[in-house]
Amino acid sequence: MNTKITDGLNFLSKLNFGRVMNFIQVVSSFYISKISKKPTQWGLPVSITFEPTTSCNLRCPECPSGKREFTRPTGMLQNNFFEKTIDEIYKKTSYLIFYFQGEPYLNPNFLDMVKYASSKKIYTATSTNAHYLNDVNSKKTIESGLDRLIISIDGTTQETYQKYRIGGDLNKVIEGTQNIIKWKKELKSKTPHIIFQFLVVKPNEHQIKDIEQLAKQLGVDEVRLKTAQIYDYKNGNSLIPTIEKYTRYKKQNDGTYIIKNNMVNHCWKLWHSSVITWDGLVVPCCFDKDAKHQLGDLKTTSFKELWKSTKYKNFRAALLRSRSEIDICKNCTEGTKVWA
């Protein structure tokens, strides 16, 4: 059976009446809000993101964690805090992402948290640079029940790979991938669904066919080509691809660049998902990397209270009124469609 179909069936197997009804509530409230231009919110988030840590071993040039440019503190998500929140929402929430900033495997309790979420039959996913997928961690990853493993691999030669993944070792990425595939076979596990994520930038755009060939050779389930978010793009940037399909930006007649997407006054992400930092701050989405738009703190308030709080309502209202006035939305190409 096609591995994508297998992955889809795995996700569907985790749905129950409560989660399906929650999804219907969330979608309905999103479209009512779009039409009425007034924020309506029913249900709990379909998807939730937890940040295992802000620490990272690499120094990628367009990543605040890699550039060490955070104003917020660096730390590790703790088991007890994580489990308390999961216990509050798991009956309605279907999908859990263990990634925001940083490298998840640097948190020593990361796989214990995956195991806990898996025990609640939540579909779990993470994204890693694969430098810590040694034999022991790879076996534990399979045993944790992780459903999806996204491996960031932005080059098929060390020379190309290190132009974006600064400080990285391509051999470790390949070795880590092989470890995961080995233990998946040995433990006769259908999960995780393994994805090679290739961030297309100018230095590696010539290796798109090569990454597909490498993935096939290793036995990776899927390859995803991702466009890069560039912070300093207005006057051009050496990372912006020349292949039009894989760039979020377009060049104007005067030589400057603008973002391609049309800025619409709604965003699906603010209705169906939420992002929680390692220390319990709730932020609107993954574009608020420095947690400037804090909608609440789970150390002092329950998630259910925050999700329908005045702060959340006001932020959704601001989106419906004029999304272009919100700084984190100005460089965003996501969130405008359901399941975009």
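My aim in this report is to walk through the structure given alongside it, one point at a time.

Criteria and thresholds
- Residues numbered from 1 in each chain as written.
- Predicted model: local features only at pLDDT ≥ 70, side-chain atom pairs only at ≥ 80, totals over all residues.
- Heavy atoms only, no water.
- Helix = DSSP H or I, 4+ residues; strand = E, 2+ residues; numbered from the N terminus.
- Rg over C-alpha atoms; globule rule 2.2 N^0.38 Å.
- Buried < 20%, exposed > 50% of the residue type's maximum accessible area, 1.4 Å probe, protein only.
- Contact = heavy atoms within 4.5 Å.
- Areas by Shrake-Rupley, 256 points an atom, 1.4 Å probe, with all protein chains shown as cover.
- Lys, Arg positive; Asp, Glu negative; His and termini not counted.
- Charge placed at Lys NZ, Arg CZ, Asp CG, Glu CD.
- Pairing = 2+ DSSP bridges.
- Axes fitted to C-alpha atoms, helices over the stretch in contact; angles between N-to-C directions.
- Core = buried A, V, L, I, M, F, W, Y, C linked by side-chain atoms within 4.5 Å.
- Patch = residues over 30% accessible without salt bridge, like charges linked within 9 Å, V, L, I, M, F, W, Y side chains within 5 Å.
- Salt bridge = Lys/Arg side-chain N within 4 Å of Asp/Glu carboxyl O.
- Right-handed = clockwise from strand over helix to strand, strands pointing away.
- Expected span 1.5 Å × (residues − 1).

## Thoughts on the overall build of the protein chain
Stage number 1. Tallying secondary structure elements over the protein chain gives eleven helices and eleven strands in all.
Stage number 2. Computed over its C-alpha atoms, the radius of gyration of the protein chain comes to 20 Å, within 12% of the 20 Å expected for a compact globule of 340 residues.
Stage number 3. The dimensions of the protein chain, computed from C-alpha atoms along their principal axes, are 55 × 50 × 40 Å.
Stage number 4. Buried residues in the protein chain amount to 54% of all 340 residues.
Stage number 5. The contacts in the protein chain between residues at least 6 apart in sequence include a share of 69% that link residues at least 24 apart.
Stage number 6. Looking at the protein chain as shown, the accessible area adds up to about 15,800 Å², and 51% of this sits on carbon and sulfur atoms.
Stage number 7. Here the protein chain holds 51 positive side-chain charges and 33 negative ones, and the gap between their average locations is 6 Å.

## A short note on the sheet that holds strand 6 (residues 222–227)
Stage number 1. If you walk across this open sheet you meet the nine strands as 6-5-4-3-2-1-9-10-11, and the pairing is mixed. Only two strands of the sheet have a single partner each, and these edge strands are strand 6 and strand 11 (296–297).
Stage number 2. Examined bridge by bridge, strand 10 (residues 281–283) and strand 11 share two bridges and lie antiparallel to one another. Considered in strand 11, the bridge of Leu281 is made with Asp297.
Stage number 3. Taken strand by strand, helix 4 (residues 110–119) contacts strand 2 (95–98) and strand 3 (123–128), and its axis lies near 180° from that of strand 2.
Stage number 4. Sheet strands touched by helix 8 (residues 208–218): strand 5 (193–200) and strand 6. Its angle to strand 5, the strand with the most contacts, is close to 165°.

## Focus: the nonpolar core
Soluble, globular proteins show a tendency: their nonpolar side chains are buried together.
Stage number 1. In this structure, Phe82, Leu96, Phe196 and Phe303 are the most contacted members of the largest nonpolar core, which totals 85 residues.
Stage number 2. Leaving out residues up to four positions away in the same chain, Phe196 has contacts with Ile151, Ile153, Thr177, Ile211, Leu214, Ala215, Leu218, Val220, Glu222, Val223 and Arg224.
Stage number 3. Counting five residues, the second largest nonpolar core, distinct from the first, contains Phe100, Val275, Val283 and Ala291.

## Some words on a nonpolar patch on the surface
Stage number 1. A cluster of nonpolar side chains, contributed by Phe17, Val20, Met21 and Ile24, occupies part of the molecular surface with about 390 Å² of accessible area.
Stage number 2. Along the chain, the position of Phe17 falls in helix 2 (residues 17–36).
Stage number 3. Judged by its relative accessible area of 67%, Phe17 is exposed.

## Description of the pattern of salt bridges
Stage number 1. Within this structure, the stated rule accounts for eleven salt bridges.
Stage number 2. The residue Asp7 makes a salt bridge to Arg148 at a minimum N-O spacing of 2.5 Å. In this pair, Asp7 is assigned in helix 1 (residues 3–13) and Arg148 in strand 4 (residues 148–152), connecting sequence segments 141 residues apart. There is no split in this pair, since Asp7 and Arg148 are both buried.
Stage number 3. Note that Asp147 and Lys14 form a salt bridge whose closest N and O atoms lie 3.6 Å from each other. With a gap of 133 residues between them, Asp147 in the loop between helix 5 (135–144) and strand 4 and Lys14 in the loop between helix 1 and helix 2 connect regions that are remote in the sequence.

## Remarks on the environment of Asp210
Stage number 1. Structurally, Asp210 can be placed in helix 8.
Stage number 2. For Asp210, a relative accessible area of 34% gives the class partly exposed.
Stage number 3. Linking Asp210 and Gly155, residues 55 residues apart in sequence, is a C-alpha distance of 8.6 Å.

## What about the pairing of strand 5?
Stage number 1. Among the eight residues in strand 5, eight count as buried, and that is most of the element.
Stage number 2. Bridge analysis of strand 4 against strand 5 gives five bridges, and the strand direction is parallel. Note on strand 5: the bridge partner recorded for Arg148 is His193.
Stage number 3. As paired strands, strand 5 and strand 6 are joined by six bridges and run parallel to one another. Paired with Leu199 across the bridge in strand 6 is Lys226.
Stage number 4. Of the crossover connections in this fold, the one passing from strand 5 over helix 8 to the parallel strand 6 is right-handed.

## Section: the side chain of Asn179
Stage number 1. Within the fold, Asn179 resides in helix 7 (residues 170–186).
Stage number 2. The exposure class assigned to Asn179 is buried, which follows from its relative accessible area of 13%.
Stage number 3. When near neighbours in sequence (up to four residues on either side) are disregarded, Asn179 contacts Leu133, Asn134, Asp135 and Ser138.

## Description of helix 11 (residues 310–322)
Stage number 1. Here helix 11 is 13 residues long and its end C-alpha atoms lie 18 Å apart, about the 18 Å a rise of 1.5 Å per residue gives.
Stage number 2. Considered for burial, the residues of helix 11 that qualify are Tyr312, Phe315, Arg316, Ala318, Leu319, Leu320 and Ser322.
Stage number 3. In this fold, the buried residues of helix 11 make contact with helix 2, helix 9 (269–272), strand 9 (273–276), strand 10 and helix 10 (303–307).

## Side note on the environment of Ile181
Stage number 1. Along the chain, Ile181 falls in helix 7.
Stage number 2. Using a relative accessible area of 9% as the deciding quantity, one classes Ile181 as buried.
Stage number 3. Once residues lying within four places of it in the same chain are set aside, the contact partners of Ile181 are Ile194, Leu218, Gly219 and Val220.

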